[in-house]
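Descriptive structure summary
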Amino acid sequence: MVAMGSQPAALGLPTSLARLGPSAAPLGLRAPLSLRPASLPLSVAAATSTAPERGEEWRGAPASGAGAGRAASACLAGSLCVSSLGLALRQRQLGRQPRRPQAAMRGVGRNASAAGASLEAGAAAGDEDAVDNWIEEWLLGQDLPQPLKPILGSNAWAGFTAALAQMFLIGALGALGTFLEQGGPPEFYAQKYPEWSGIILILGFDKMYASPIFYGLQAWLAISIVACTATTQLPLAKRAQRLLPLTSSSLRRKGSFLVKVDCCPALSALSEQAAEAAAVAAAEAQAAGETAQRLLQLKGALEKRGFVVRSDDDASPTKLAAQRGLVGKFAPMIVHLSLLLILMGGAAGLIFGSSSEVIIPDGDTANMGKVLDLGRRNKGPLYEMFNPVKGFIDTTQVRCEDFRIKYRGDTGEVEQYYSKLVIENIKTKEKLAADEIYVNKPLRYGGATIYQADWSLDRLQLFIKNVPVVVPLKLVPDESGLRLWAAFLPLELLQAEDPGSVKTISKPDVGVVLVAENMRNVQVFGSDKKLQGILRSPLASATAVTDKLPDTPVQFGETVTVDGSELRLDRVLGATGLIIKNDPGVPLVYLGFALLMPATLLSVLPFGQVWAAVSEDKKGQLLISGRTNRNQPAFEDEMKAAVITGLA
């Protein structure tokens with residue numbers, strides 16, 4: 001082993017390559033990767049666990065072979081000894097064992113006489129196969145605004161930890177708003193939440209998404225994102241745009257590894273032999289040309305791997321800089337932009353939008369503009385003044401052509417609700433749009449979105465002695481939570497010879513009660529208040545109730561007889577419960593999420609930098625260094641391959 005500052009002895013053309021690294025190393029030691037002149041074949045020793053003393057470097061050991069004494073006809077050849085102690089030191093500081101050096105790699109050595117001839121061909125091939133990295137070039141050319149300095153302790157209230165806390169609070173309040181019924185009267189909360197009703201009403205949790213606390217948290221999060229972008233992400237991106245070649249003394253301090261390439265062994269031999277000045281000058285001129293050619297070759301190898309490369313001279317460079325992954329430095333700002341778009345979209349919906357509920361009986365209509373003006377769920381303070389589509393919505397109405405409920409045949413439970421809706425012009429009755437909606441499949445038209453949200457029963461279509469009669473249903477209050485609808489048929493109407501001719505009822509308290517809890521069956525209670533039978537809708541499945549009442553003593557079917565008269569059920573008509581919502585912020589929310597997903601993936605791309613320069617201390621020697629912010633070992637392996645393929 002030799003000291004770092006000493007001149008290494010000339011070694012032979014490599015027939016194998018080892019990546020050598022210490023199992024332990026003193027802090028501050030940087031071991032170079034060395035390419036040395038060729039004179040003898042080299043068999044690189046297997047990895048050793050012995051730690052070097054301070055100032056030493058890891059090297060391969062020369063071995064005797066059949067090719068001993070062969071002269072090097074090319075200026076580039078040598079042995080490659082890699083030692084990235086930056087990684088080992090970081091692992092040691094983190095309390096981990098440094099990575100063990102790898103075993104010798106095969107197939108790297110080449111004949112010295114063929115090495116020089118392959119350089120020009122390799123350079124041409126590299127130019128042809130170079131990756132057109134236009135995105136990196138475009139990002140390098142962008143003139144970013146001047147970053148802001150942290151103000152008012154923004155590193156604390158606008159940092160990553162603060163943003164997580166803000167998003168957690170917003171999510172918690174959003175979940176609470178889903179749990180609490182929104183928009184109810186104070187009496188409702190006092191009855192259902194007697195111990196918490198005061199807090200709910202004072203903090204505005206009865207209208208959670210329009211409460212000052214919810215608005216304030218969203219505004220705080222938006223300000224934090226802007227502050228983080230301007231004071232943290234923007235400076236990082238501007239710093240990454242500085243692609244400047246470094247001198248050999250500067251790049252020694254920049255990278256996590258160091259590669260030394262002796263491009264002209266003849267110059268080293270002349271220096272050692274104290275040759276004449278003219279010979280040394282000629283060798284130095286030759287070395288300058290060789291190093292420039294090697295830098296051009298390295299440039300092509302890096303460009304093939306997607307790097308953007310800059311040099312001090314395109315024709316005869318003495319130093320170059322390359323980088324890859326600038327997208328990963330800009331992507332966090334796109335993530336921040338997408339979050340701001342989502343917040344802006346949500347705020348636009350709360351300020352300029354409106355949302356309301358309406359129950360539309362089967363066959364009836366509702367004015368969409370008037371429904372939204374009520375704002376039963378939410379109505380933004382600027383909805384009537386600045387909503388861009390309010391004028392159009394005010395001229396339309398929605399008609400329910402048909403409402404039906406699909407039940408599960410085996411259990412009788414509700415499976416889905418369906419509503420056939422038509423959007424019409426109020427004045428001309430022109431059909432503008434039509435669709436059948438159900439839960440999770442809304443109808444969108446003209447800036448309004450209509451959701452299937454609820455249902456009800458509206459009326460019964462019956463035949464009394466073959467005379468059609470329509471009986472309205474009313475919801476019966478029930479403390480148990482069971483939804484029941486009831487209708488009343490006066491006994492005089494039921495027993496009349498011609499029910500259609502009855503004009504007045506003298507005994508309005510005597511009659512038959514009809515009770516329904518779904519759209520399939522109606523229970524019939526006689527004037528004696530006893531169950532007389534169950535009417536089944538013709539649209540119901542034949543096994544809907546018969547399987548549950550195999551031995552029932554009451555009548556069951558589409559027709560029953562009660563108090564001496566025959567009743568036949570034609571249909572149970574329902575009413576659809578809709579939520580009509582106008583939210584001008586929806587496009588912003590969609591755009592935000594469309595940007596958020598790819599930007600999040602791009603933000604984890606590694607950012608790598610490589611520098612190369614002619615040594616200021618030794619003529620004819622190239623120094624190559626680099627670093628990356630992620631997966632340092634893999635990056636070093638890739639750079640080793642780039643040096644081998646580009647310079648060998």
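Every value quoted in this text rests on a predicted model; they were computed, and no experiment measured them.

**Quick notes on the pairing of strand β18 (residues 484-490)**
Here β18 lies mainly inside the structure; five of its seven residues are buried. Looking at chain direction, strand β17 (residues 474-476) and β18 are connected through three bridges and run antiparallel. Following the sheet pairing, K474 is matched in β18 by A486. In this sheet, strand β19 (residues 511-516) lies alongside β18 in antiparallel orientation, the contact comprising six bridges. Bridge assignment links L489 to a residue of β19, and that residue is V512.

**Examining the sheet that holds strand β12 (residues 414-425)**
Pairing is antiparallel across the open sheet formed by four strands, whose spatial order is β9-β11-β12-β13. Only two strands of the sheet have a single neighbouring strand rather than two, namely β9 (365-367) and β13 (431-438). Averaged over all neighbouring strand pairs, the angle between strand axes comes to 25°, with direction disregarded. Here β9 runs beside strand β11 (residues 396-407); their pairing, made up of three bridges, is antiparallel. Residue pairing for β11: T365 is matched across the bridge by R399.

**Notes on the nonpolar core**
Formed by 48 residues in total, the largest nonpolar core has its most connected members in V398, I450, L460, L489, L514 and L567. Broken down by element, this core gets its largest block of residues, seven residues, from strand β15 (residues 448-464). Excluding residues that lie within four positions of it along the chain, L514 makes contacts with L460, L462, W485, A486, A487, L489, V522, Q523, V524 and L567.

**Things to note about unusual backbone geometry**
Even without glycine at this site, D563 takes up a positive phi of about 50°. Relative to the elements of secondary structure, D563 occurs in the loop between β23 (559-562) and β24 (565-582). Note on D563: relative accessible area 26%, which makes it partly exposed. With a phi close to 55°, N631 is a non-glycine residue in the positive phi region.

**Focus: the pattern of salt bridges**
One pass over the structure, following the stated rule, counts 20 salt bridges. With a closest N to O distance of 3.8 Å, R536 and E558 form a salt bridge. Of this pair, R536 sits in strand β21 (residues 531-536) while E558 is found in the loop between β22 (555-557) and β23, placing the two residues 22 residues apart along the sequence. Here the residues in one salt-bridge network are D362, D402 and R571, joined through shared partners.

**So, the environment of R520**
In this fold, R520 is placed in the loop between β19 and β20 (521-525). Judged by its relative accessible area of 10%, R520 is buried. Remark: the alpha-carbon pair of R520 and I405, spanning 115 residues in sequence, is separated by 9.4 Å.

**So, the sheet that holds β22**
Here we have six strands laid out as an open sheet, ordered β17-β18-β19-β20-β21-β22, and mixed in their pairing. Both edges of this open sheet fall to β17 and β22, since each of them pairs with a single strand only. When strand polarity is set aside, the average angle formed by the axes of neighbouring strands in this sheet is 25°. Pairing geometry for β19 and β20, over four bridges, is antiparallel. When the bridges of β20 are listed, L514 appears paired with V524.

**Some remarks on the environment of I225**
Mapped onto the elements of the fold, I225 is located in helix α8 (residues 212-240). With near-sequence residues (within four places) excluded, I225 lies in contact with H336, L339, L340 and L343.

**With respect to helix α17 (residues 586-602)**
With 17 residues, α17 should cover 24 Å at 1.5 Å per step; its first-to-last C-alpha distance of 25 Å lies within 8% of that length. Burial in α17 covers these residues: G592, L596 and A599. Looking at the packing, one finds that the buried side of α17 touches α12 (327-352).

**Things to note about the packing of α8 against α12**
Helix packing geometry: the angle between the two helix axes and the distance between the axes. Where α8 meets α12, the closest approach of the two axes is 9 Å, and the angle between their N-to-C directions is 160°. Taken together, the axes of α8 and α12 are roughly antiparallel relative to one another. Handedness of the crossing formed by α8 with α12: left-handed. Facing α8, whose interface residues are Y215, Q218, L221, A222, I225, V226, C228, T229, Q233, L234, A237 and A240, α12 presents K329, F330, P332, M333, H336, L339, L340, L343, L350 and I351.

**Comments concerning the confidence of the model for the protein**
Low pLDDT marks regions whose predicted coordinates should not be analysed in detail. Counting all residues, the mean pLDDT for the protein is 76, and 73% of those residues have values of 70 or more. Considering each helix and strand of the protein separately, the mean pLDDT is smallest for strand β4 (residues 105-106), with a value of 30, and largest for β13, with 95. Contacts of residues 1-127 to residues separated by more than four positions or lying in other chains number 269 contacts, the stretch itself having pLDDT below 50. Scored below 50 in pLDDT, residues 542-548 makes six contacts in the model with residues more than four places away or belonging to other chains.

**Comments concerning the packing of helix α5 (residues 160-179) against α8**
Running from amino to carboxyl end, α5 crosses α8 at an angle of 155°, the nearest separation of the two axes being 10 Å. Relative to α8, α5 is oriented roughly antiparallel. Crossing hand, α5 versus α8: left-handed. Touching A163, Q166, M167, L169, I170, L173 and G174 of α5 are I213, F214, L217, Q218, W220, L221 and S224, all from α8. Residues that form the contact of α5 with α8 fall into these classes: 10 nonpolar, four polar and no charged.

About the thresholds
- Within any chain, residue numbers begin from 1 and follow the written order of that chain's sequence.
- Where totals are concerned, whole chains, interfaces and linings use all residues; where local detail is concerned, this predicted model gives features only for residues with pLDDT of at least 70, and gives and counts side-chain atom pairs only at 80 or more.
- To obtain the side-chain values, all non-hydrogen atoms of the structure were included, while hydrogens and water were left out.
- Exposed residues in this analysis have more than 50% of their type's maximum accessible area, buried residues have under 20%, and partly exposed residues fall in between, with area computed by a 1.4 Å probe over protein chains only.
- Helix and strand assignments come from DSSP, with helices taken as H or I runs of at least 4 residues and strands as E runs of at least 2, each series counted from the N terminus.
- A strand pair is defined by DSSP finding two or more bridges across the two strands.
- Axis definition: a line fitted to C-alpha atoms, limited for helices to the stretch in contact. Angles are taken between N-to-C directions and run from 0 to 180 degrees.
- Among buried residues, the Ala, Val, Leu, Ile, Met, Phe, Trp, Tyr and Cys ones that are joined through side-chain atoms within 4.5 Å form a nonpolar core.
- Whether two residues are in contact is decided by their heavy atoms, any of which lying within 4.5 Å being enough.
- A pair is scored as a salt bridge if a Lys or Arg side-chain nitrogen falls within 4 Å of a carboxyl oxygen belonging to Asp or Glu.
- Residue count minus one, scaled by 1.5 Å, sets the expected span of a helix.
- When an angle is under 35 degrees it counts as roughly parallel; over 145 it counts as roughly antiparallel; between 65 and 115 it counts as roughly perpendicular; any other value is oblique.
- In this scheme, a crossing is called left-handed if the near helix is turned counterclockwise away from the far one by less than a right angle; it is called right-handed if the turn is clockwise.
- Per-residue confidence from the prediction method is given by pLDDT, with values spanning 0 to 100.
- Amino acids outside the nonpolar list (Ala, Val, Leu, Ile, Met, Phe, Trp, Tyr, Cys, Pro) and the charged list (Asp, Glu, Lys, Arg) are all regarded as polar, and Gly is one of them.

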